[in-house]
Structures are given as structure tokens and as C-alpha cells.
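# Reading the structure
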Protein chains: 2
Amino acid sequence: MPTHAELRAFPLVGPRPTTLIESVRLSEHLGTEVVLATETFQWTGSFKFRAAYHVATHVTHPAIIAGSSGNFGQAMALACRLTGKRCTIVMPQRSARVKIDAVRGYGATVDLIDTRVMRREARVTELAAENPDAYVASAYDDPLVIAGNASLGYELATSNATVEHPFDAILVPIGGGGLASGVITGLKASGDRTPVWAAEPAAANDFVLSLAAGHIIAQDTEPDTIADGARTRSVGGHNWAILQHGVAGAIPVPEAAIVDAVRLLFGLANLKAEPTGALALAALLAGPERFRHRRVCCVVSGGNVDPALYCELVGAAPR
Amino acid sequence: MPTHAELRAFPLVGPRPTTLIESVRLSEHLGTEVVLATETFQWTGSFKFRAAYHVATHVTHPAIIAGSSGNFGQAMALACRLTGKRCTIVMPQRSARVKIDAVRGYGATVDLIDTRVMRREARVTELAAENPDAYVASAYDDPLVIAGNASLGYELATSNATVEHPFDAILVPIGGGGLASGVITGLKASGDRTPVWAAEPAAANDFVLSLAAGHIIAQDTEPDTIADGARTRSVGGHNWAILQHGVAGAIPVPEAAIVDAVRLLFGLANLKAEPTGALALAALLAGPERFRHRRVCCVVSGGNVDPALYCELVGAAPR
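This is a predicted model, so every value here is computed, not measured.

What counts and how
Residues numbered from 1 in each chain as written. Chains lettered and ligands numbered in written order. Predicted model: local features only at pLDDT ≥ 70, side-chain atom pairs only at ≥ 80, totals over all residues. Heavy atoms only, no water. Domains from an automatic or database assignment. Contact = heavy atoms within 4.5 Å. Buried area = accessible area lost by both parts, 1.4 Å probe. Salt bridge = Lys/Arg side-chain N within 4 Å of Asp/Glu carboxyl O. Polar contact = N/O pair within 3.5 Å; in protein donor to acceptor, adjacent residues only side chain to side chain. Helix = DSSP H or I, 4+ residues; strand = E, 2+ residues; numbered from the N terminus. Buried < 20%, exposed > 50% of the residue type's maximum accessible area, 1.4 Å probe, protein only. Pairing = 2+ DSSP bridges. Right-handed = clockwise from strand over helix to strand, strands pointing away. Axes fitted to C-alpha atoms, helices over the stretch in contact; angles between N-to-C directions. Parallel < 35°, antiparallel > 145°, perpendicular 65-115°, else oblique. Nonpolar A, V, L, I, M, F, W, Y, C, P; charged D, E, K, R; others polar. Disulfide = S-S within 2.5 Å.

Turning to the domain arrangement of chain A, a few remarks are in order. Residues and elements named next belong to chain A. When cut into domains, chain A gives domain 1 (4-46 + 143-314) and domain 2 (48-137). A straight line from the C-alpha centre of domain 1 to that of domain 2 covers 23 Å. On the side of domain 2, 24 residues touch domain 1, which itself brings 30 residues to the contact. Summed over both sides, the interface of domain 1 with domain 2 buries roughly 2,100 Å², with 54% coming from carbon and sulfur. The interface formed by domain 1 and domain 2 includes six salt bridges. Viewed at the interface, domain 2 and domain 1 are joined by 11 residue pairs in polar contact (both at pLDDT 80 or more). For the side of domain 1 that touches domain 2, the element with the highest residue contribution is helix α6 (residues 143-162), accounting for eight residues.

The subject of this paragraph is the pairing of strand β4 (residues 86-92) of chain B. Residue and element names in this part refer to chain B. Here β4 lies mainly inside the structure; five of its seven residues are buried. Relative to β4, strand β3 (residues 63-67) runs parallel, the two being bridged by five bridges. Counted as the bridge partner of Ile-64 is Cys-87 from β4. Note: β4 against strand β5 (residues 109-113), five bridges, orientation parallel. Note that in β5 the partner of Thr-88 across the bridge is Thr-109. This β-α-β element, β4 to helix α4 (residues 97-105) to β5, shows right-handed connectivity.

Time to look at the environment of Leu78(A). Mapped onto the elements, Leu78(A) comes out in helix α3 (residues 71-83). A residue is classified by how much of its surface remains accessible, and Leu78(A), at 0% relative accessible area, is buried. Put simply, Leu78(A) and Ile242(A) are 164 residues apart on the chain and 28 Å apart in space, counted from C-alpha to C-alpha. The residues contacting Leu78(A), other than those within four sequence positions of it, are Trp43(A), Thr44(A), Phe49(A), Tyr106(A) and Val24(B).

The full count for this structure, using the stated rule, is 36 salt bridges over all chains. In this structure, Arg295(A) and Glu33(A) form a salt bridge, with 2.8 Å as the shortest nitrogen-oxygen distance. Of the two residues, Arg295(A) sits in strand β10 (residues 295-300) while Glu33(A) sits in strand β2 (residues 33-38), which places them 262 residues apart along the sequence. The burial state of Arg295(A) is the same as that of Glu33(A); both residues are buried. Between Arg50(B) and Glu155(B) there is a salt bridge whose closest N-O contact spans 2.9 Å. Placement of Arg50(B) in helix α2 (residues 48-58) and of Glu155(B) in helix α6 (residues 143-162) is noted, with a sequence separation of 105 residues between them. Overall, the relative accessible area of 1% leaves Arg50(B) in the buried class. Overall, the relative accessible area of 23% leaves Glu155(B) in the partly exposed class. Sharing partners across several salt bridges, the network here consists of Glu22(A), Glu33(A) and Arg295(A).

Residue and element names in this part refer to chain B. One open sheet accounts for four strands, arranged β5-β4-β3-β6; its pairing is parallel. Each edge of the sheet is formed by a strand with only one pairing partner; in this case those strands are β5 and β6 (134-137). The average undirected angle you get between the axes of adjacent strands in this sheet is 20 degrees. Helix α3 (residues 71-83) rests against β3, β4 and β6 of the sheet, and its axis sits at about 170 degrees to β4. Packed on one face of the sheet, α4 meets β4 and β5 and runs near 150 degrees to β5.

A few words now on the packing of helix α10 (residues 255-269) of chain B against helix α12 (residues 307-315) of chain B. Packed helix pairs are specified by the crossing angle of their axes together with the interaxial distance, meaning the distance between the axes. Residues and elements named next belong to chain B. The N-to-C vectors of α10 and α12 enclose an angle of 90 degrees; their axes lie 8 Å apart at closest approach. Taken together, the axes of α10 and α12 are roughly perpendicular relative to one another. Along its contact with α10, which presents Val-259, Val-262, Arg-263 and Phe-266, the element α12 presents Tyr-310, Leu-313 and Val-314. A breakdown of the residues in the contact of α10 with α12 according to their chemical character gives six nonpolar, no polar and one charged.

Look at His293(A): it is not a glycine, yet its phi comes out positive at around 65 degrees. Structurally, His293(A) is set in the loop between α11 (279-286) and β10. For Asn270(B), which is not glycine, the phi dihedral falls at a positive 55 degrees.

On to the state of the cysteines, then. Applying the stated rule across the entire model yields one disulfide over all chains. Here Cys311(A) pairs with Cys311(B) through a disulfide, and the sulfurs are 2.4 Å apart. Between Cys311(A) and Cys311(B), the S-S torsion sits near -95 degrees, and that sign places the bridge as left-handed. Highlighted residues: Cys311(A) in helix α12 (residues 307-314) and Cys311(B) in helix α12, drawn from two different chains. Residue Cys311(A) shares its accessibility class with Cys311(B), and that shared class is buried. Cysteine Cys298(A) is unpaired, with the sulfur of Cys297(A) as its nearest cysteine sulfur at 6.9 Å. By relative accessible area, which is 1% here, Cys298(A) ends up buried.

Printed below as a string of C-alpha cells:
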């Protein structure tokens, strides 16, 4: 396999613009005009590259350490390669094989841990102590991450400003809150007041609870949901500061709706999405009345999913 | 399910621009800078809508009849609905269920035939005699079809004219030749001389043989290949007139390379493609040396594939 240097320089001058997709059949099925803003074709296959590239180009440290179940790790690995930094990604041993391979493929060192024995954060702290020249990057709770993800908000605002029918609402998956807080930041900076809804697995509903309580509520343990990108115990502090009054609301999404959404994206929109990526569409399925006959942008956050799991989900389709 | 009229007007003002995708991992895997020009997000999920919409907006007949194993049928069904024409699509009974459902979903009448008893062309002729006000649309051998598909050629030429590194070559799947002749027409009209290669299943190599012979050679029977969009007995006469001296060459593609290409698009580019849609990438896999270190555009012609077949192909991945 050739190295990066053996190929002519890729036109990698930062994040790729998001890809806007519409499907007549999907919209008719839902009774809502759905526009998919898909980040599945972002470099490294998820929106996380926006944040990772922003971090890598804005810190002066020669090395970056991050804990990630996959997508942020891939993104940081490529961002570090492009900026000439060393990169170590701490991943749970049970991570999907394709995600571990991808992080290594982009050139990072993978540090596998048994999460039953040691928490990811603890291992990151340990590595940081051993590598004082390294920047420890959070996948979401970091102003640089939010600023990087804000680029998607700018793009959606630009789209809104240039079309006849702007979005009535934007639905965004939420886990740690990095994407939602970034999108809100980018929209606000562009003077765009489109309401942003957060789509959260009902099985990991810390943000729904936090909004109701008026302060961050954290789950005791990492919640179990098929949307593995949303298995966070709570949103981050920096994210909460933006989200608390920045979102129009949060929609709890049943696991079955996530599966349906993955299947509908496959069948009616030809879009391969990972379960977390399908959360926004799943929120539409879970509560269609609120958005009936409106024009709604569903952000598809990523597409990196193991073929076995994917086919289990897609194969569940009635034939 | 709401009717089309119940939704606000879709912004359907003709074909969607193609979607250009790049994947660092795919390019590194191949040793070639691959840019995917994917038509999987075209209205109706394949490039065929370009042709169908052009036909529907350029003939005055109130009805259109076409024989199609699926993608052209879906495209014509939607094009007819948008232009207020009646539409009848003749399909083999053994067509994938999802394709039959889709054609019906767009509002066309589906006429199912047993291809062991009657050829599609014969049934189309029969229907045409019964419906003298109907236009009989060929999926490829029609100047209107070529003119419609030429829009993709214009788009690729525009892309070439506006980037630092234009494509060194463009690879296009070939069956009846409608897409390849259209792309060549569009490029030529734009003054773009990028070589266009036709990627054809080796199991259906009538065009490879035709090029060698200097005249159209037709298979005796419909060839058997997993690339169902390329199961044509020969290219059309209108297509041949453009293709004979218009293509840089034709590349015969083994079935195994088609499967590999579908799997690579899934795994390294998050792109759901149907087997016919993966032909151009498969041609790169089959003969990588010719395009090593070049910047190559692979046209992905469509993405409509039955989940069971798709998962069979993707599941073949080494884990």
C-alpha cells in the first residue's frame, strides 16, 4: 500500500462541505420534507474530522492524545498525520474491528484498554502524565472542538440563506453535545435562528433529563444503546453552556426507531449511516406530528459501521 | 401516506447535480486518486433520471411506455408524474421486489412479463400498438436519452475547469451505452478532452468485442452478470455512433472485481452502490497499473439494490 507521500497531495484543505441529499420517497414516507445533511462522506466518515482538524491546527503541541470509541479517533489520527503530529488514541478492546483498523490505517497509535478494569479517562490521564508535551483532546468538551463543528452550522446557514425554502428545523444527534453545540454556534454566528432539536437515545437520556432539571445530569454508568456514539454519561460543561438555552428541545428516541431509520436511509435514500448517524431521522419517526409538512434538515453524523451489524439492521426490513 | 400534492412542491427543477466524493483510505488502498461521481443520490437513485426527465419534458405525447429492469422504470415513473404523463413500465417478473415497488410508488403502471415466454421488446411493441398516443422510450438508444445523460458530462467538465487537479481519466459503467455516450457528448460540448473509459462486465463483453470488430456485436442471449444494469445484448445504434471513436477504450471486468468494488465502496467510502454502479471502480481494481498515481473519476451510476443481495456482497468482506 502506498504511503500518503507517494500519492500527489490530496486536496485536503480542511473539512469537506457537508452533502445535502433529498429523497422523494423518504419525504413522502414521512409526510415531512426531509433534507439529509450527511457527514458520512466527511474525511474519515463522520463530522468528527471538523473538530479534530480544528484542534490539530490550533494547538502547538507536537502530540495529541484522545480517548475515543472510534470516530473521533479516526478523525484525530488523520488530522495529526496532516499536521505532522504524533497521535495516540485510547480505545476500548470491544470497539468494532473496522474502527480500530481505521485509526491505525490513518497512522495513529492505538492503546487498547479493558473498560471493565480501567476507565478510558483514567488511561488518558496516565498517558498524559507520561507525555507532558501532548495535548489531551476531548471529543466534545473543548471550545476548539465546538469551534470546529461550528463549520457545519455555517454551512447550513449559508444553505438557508441561498434557497427559496429554508429549513423550518434542524435535527442533530446528541451524545456528548459537541455536534449540537457546534451547529448552534455556527448558526448563531451567521444570524440564523432556525430551531435546533437534539435527538438522543431514550436509553441514554441524560440530556433530556438535564434540560428538565436545568443542570447537567450524568448517568452513573455508560448507557447501553445501539447508537454507540451517544454512549456518553452526560454532555460536557462547555457544551451545556451553549445547549441549555440554545436548543429548541430534546427528543428521546427509542432503539427501534434508530433501527428503522438506518433501514429507511438504506432503502429510500441509498444512504449508509451508522446507528448514531440515524438518530435525527429516528427522532422524526418517533414524533412525526411536530414536523408534519415542514422542511426539516436531519444531520447524519457518520457512516462508519461494521458490515455485520449493518446487515443485521438492514436485513430486518420487511421484504 | 401523503400524496405528492400534499407536500409543498419539491425543488424538482430537473436532475440533481452529481455528488463528488473522495476517500483517503480508498485512494490509498488503490494507489490511485479516486474521485467518485455518484449518481446514487440522483432523484430515483440512479443517473437514469437525467435521461427520463429529458425525455418527459421533450416529447408532447401524454403517455410513455418503456421496458426496464428497474432503474429506468423508476426514473421514467417519477419524470412522468412530474410532467403529468401516464406511464407504463414493462418489467420481468424476476425483477428485484424493491425495484417493482419503487416504480409503483412513483405512480406508474407496472406490466410484469415472464421473459421465458415473451421478450420485453415484444411486449412493449404490443402495448405501443394498443396505445397509439404513447411515446416508446428506450433506456439508452434514443438521442433524447443521450442528451439527458449529457448533463453529467457537462458537470464533470465544469468540475475539471474549476479545480487545480482535473481528472486524468473518467471511468463509466457500460451496458446499453446510454450513460457513456451521454458523458462523452457533454464533455465534448464543453471542450473537455478527458479520456473516457467504459467499464463492462467480462461476462457481458459485447462492447469490448464491438470495439475490436469495428461494428456492433450483439450477444445471442441476455448475458448473466451480477451487474444487472449491464445485461444488455449490445449497445444501441445511436450510442455506438458516439462511442466507437469517443471512448479511450473498454475494460472487461471480472465478476469478482465487481463484488470487491461494492465492498470497498461500503467499507472505505461509506457509499452504498448497486453492482452495476460499482463497475467503474471494479475496472480500476481489475487493471490498476494503467491508472496508478493518476487522478481518476469513477462514475457510480446507481445505488438501488435489494438488501439481501447487498448484504451477501458486503458480508463477503474479510473481518
